Amino acid sequence: MEHGAFGPGLDRVYSMKIVAGNSNPLLAESVSEQLGIPLAHGTIRRFSDMEVFVEIQENVRGEDVFVIQSTSYPVNDNLMELLVVIDALRRGSARRITAVMPYFGYARQDRKPAPRTPISAKLVANMITAAGADRVLTMDLHAGQIQGFFDIPVDNLYAAPIFARDVKHRLPGENNITVVSPDVGGVVRARAVAKRLDADLAIIDKRRERAGVSEVMNIIGDVEGRRCILIDDIVDSGGTLCNAAVALMKNGAQEVYAYITHGVLSGGAVSRIVDSPLKKLIVTNSIAATEAVKAAENIEQLSIAPLLAEAIQRISTETSVSSLFD
Ligand code: R5P
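To keep things clear, this report deals only with the structure shown in the data block. (Residues numbered from 1 in each chain as written. Predicted model: local features only at pLDDT ≥ 70, side-chain atom pairs only at ≥ 80, totals over all residues. Heavy atoms only, no water.)

Turning next to the overall build of the protein chain. Within the protein chain, the regular secondary structure consists of nine helices and 14 strands. In terms of overall dimensions, the protein chain is globule-like: its C-alpha atoms have a radius of gyration of 21 Å, near the 20 Å expected for 326 residues. In terms of overall dimensions, the protein chain has C-alpha extents of about 70 × 45 × 35 Å along its principal axes. Among the 326 residues that make up the protein chain, the fraction classed as buried is 49%. Long-range contacts, defined as pairs at least 24 residues apart, comprise 62% of the intrachain contacts of the protein chain with a sequence gap of at least 6. Accessible surface for the protein chain amounts to roughly 15900 Å². Of this, 50% is attributable to carbon and sulfur atoms. Considering the protein chain, the positive charge centre built from 34 side chains and the negative charge centre built from 39 side chains are found 4 Å apart. (Helix = DSSP H or I, 4+ residues; strand = E, 2+ residues; numbered from the N terminus. Rg over C-alpha atoms; globule rule 2.2 N^0.38 Å. Buried < 20%, exposed > 50% of the residue type's maximum accessible area, 1.4 Å probe, protein only. Contact = heavy atoms within 4.5 Å. Areas by Shrake-Rupley, 256 points an atom, 1.4 Å probe, with all protein chains shown as cover. Lys, Arg positive; Asp, Glu negative; His and termini not counted. Charge placed at Lys NZ, Arg CZ, Asp CG, Glu CD.)

Turning to the site of the ligand, a few remarks are in order. Around the ligand, a shell composed of Arg-108, His-142, Asp-183, Asp-232, Asp-233, Ile-234, Val-235, Asp-236, Ser-237, Gly-238, Gly-239 and Thr-240 is seen. The backbone of Asp-236 places a nitrogen or oxygen atom 2.8 Å from an oxygen atom of the ligand. Within the side chain of Ser-237, an N or O atom sits 2.6 Å from an oxygen atom of the ligand. Burial of the ligand by the surrounding chains reaches 77%, relative to a free accessible area of 380 Å². (Near = heavy atom within 4 Å. Polar contact = N/O pair within 3.5 Å; in protein donor to acceptor, adjacent residues only side chain to side chain.)

Here we have five strands laid out as an open sheet, ordered β1-β4-β5-β6-β7, and parallel in their pairing. A single partner strand is all that each edge strand has here, and the edge strands are β1 (16-20) and β7 (154-157). The sheet shows a mean angle of 20 degrees between the axes of neighbouring strands, taken without regard to direction. For β1 and strand β4 (residues 64-68), the ladder comprises five bridges, and the chain directions are parallel. Within β4, the position partnered with Val-19 by the bridge is Val-67. (Pairing = 2+ DSSP bridges. Axes fitted to C-alpha atoms, helices over the stretch in contact; angles between N-to-C directions.)

Among the nonpolar cores identified, the biggest contains 43 residues, and Val-31, Leu-157, Val-179, Tyr-259 and Ile-312 are the most heavily contacted of them. The greatest single-element share of this core, amounting to seven residues, is contributed by helix α9 (residues 305-316). Inspection of this core shows a minimum of three residues originating in each of domain 1 (2-156 + 306-325) and domain 2 (160-302). Aside from chain neighbours lying at most four places away, what touches Tyr-259 is Phe-163, Asp-166, Val-167, Arg-170, Ile-229, Leu-230, Ile-231, Asp-232, Ile-282 and Leu-302. Judged by nonpolar contacts, the second largest core, of 33 residues, contains Val-19, Val-52, Phe-104 and Ala-143. (Core = buried A, V, L, I, M, F, W, Y, C linked by side-chain atoms within 4.5 Å. Domains from an automatic or database assignment.)

Put simply, helix α4 (residues 160-170) and helix α5 (residues 187-197) touch, their axes get as near as 9 Å, and they point 45 degrees apart. Taken together, the axis directions place α4 and α5 in an arrangement best described as oblique. Note that α4 runs across α5; the crossing there is right-handed. On α5, the residues touching Ala-160, Pro-161, Ala-164, Val-167 and Lys-168 of α4 are Ala-192, Val-193, Arg-196 and Leu-197. The class makeup of the residues in the contact of α4 with α5 is seven nonpolar, no polar and two charged. (Parallel < 35°, antiparallel > 145°, perpendicular 65-115°, else oblique. Left-handed = near helix turned anticlockwise from the far one by under 90°. Nonpolar A, V, L, I, M, F, W, Y, C, P; charged D, E, K, R; others polar.)

In this section: the sheet that holds strand β9 (residues 200-207). Taken together, seven strands build an open sheet; the order of strands is β10-β9-β8-β11-β12-β13-β14 and the sheet is mixed. Single-partner strands in this sheet number two, and they are β10 (216-220) and β14 (299-302). Here the strands of the sheet are splayed against their neighbours by 25 degrees on average, with no regard to which way each runs. Pairing analysis gives four bridges linking strand β8 (residues 177-181) to β9, with the strands arranged parallel. When the bridges of β9 are listed, Thr-178 appears paired with Asp-200. With respect to the sheet, helix α6 (residues 239-250) is in contact with β8, β9, β10, β11 (227-235), β12 (255-263) and β13 (280-284), its orientation differing from that of β11 by roughly 165 degrees.

Written out as structure tokens, the structure is:
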């Protein structure tokens, strides 16, 4: 091989490494399989007081390294693991470090809802950058502008194409679909899916007329006799989702499905969903499924591993990631 004008080494084709945190090992393995690159050897241990210790057991000098770690439950432990792994890689002279966070925890704290409250999403972005990440790859950020909290490049993938494909597969030839946003804030996300399905759009407008009076759910759009598909970025307690499903059924919907990117599903969410009128809740595996989620008859997971693998490949080869949204 001929060397460039600056001598040996600069023509080198850098290779890629995939490092997995403990938050979602199955997703990391699946991404590594898709890429045909084994996960890098390393250990993440805890001292007896739960301090995180990381040792990367193979050379990463000059490598393009992708660390796969959702900052899901237990959020603070998983975040700290990510930071410590990034630090270990930086000190191991990795050429570029990408924090692959399919679910970005703390994203909901993206503004001050009241005086003297934090903007923790910004704080977490600062921590990831300070640890040494060169870029971030994530999915369906709670608010797109969180990208601006980072002063490093952020690629924000969308689950909409995966959801639309699954709807077409699940309800073939169905033209009686209304895509529903469970709140006014989620309209853009729901519209993206409605457009791909060439379906109608409805919006649930939650209003509390006076303090102390219970919330009224007004549905803007036609849902009577329709197969409704709720779209959201996060299902946490399941309150938003189950209330929306009840309101749609009360307004004459034929059946209600939900496609939600991040299944946080904390507290009693799973049993709330099992007992709800939802025909099916489909979440992605951005967050690992708990045993309760696996056992729930009306909850399913869709894999984002092929999409993440493709995005990682494109970042590594410096090709367009946005064309993945088409
Ligand atoms: C709100 O803006 C989000 O998009 C979700 O609707 C919300 O986080 C869901 O939370 P929960 O399941 O606890 O109602």
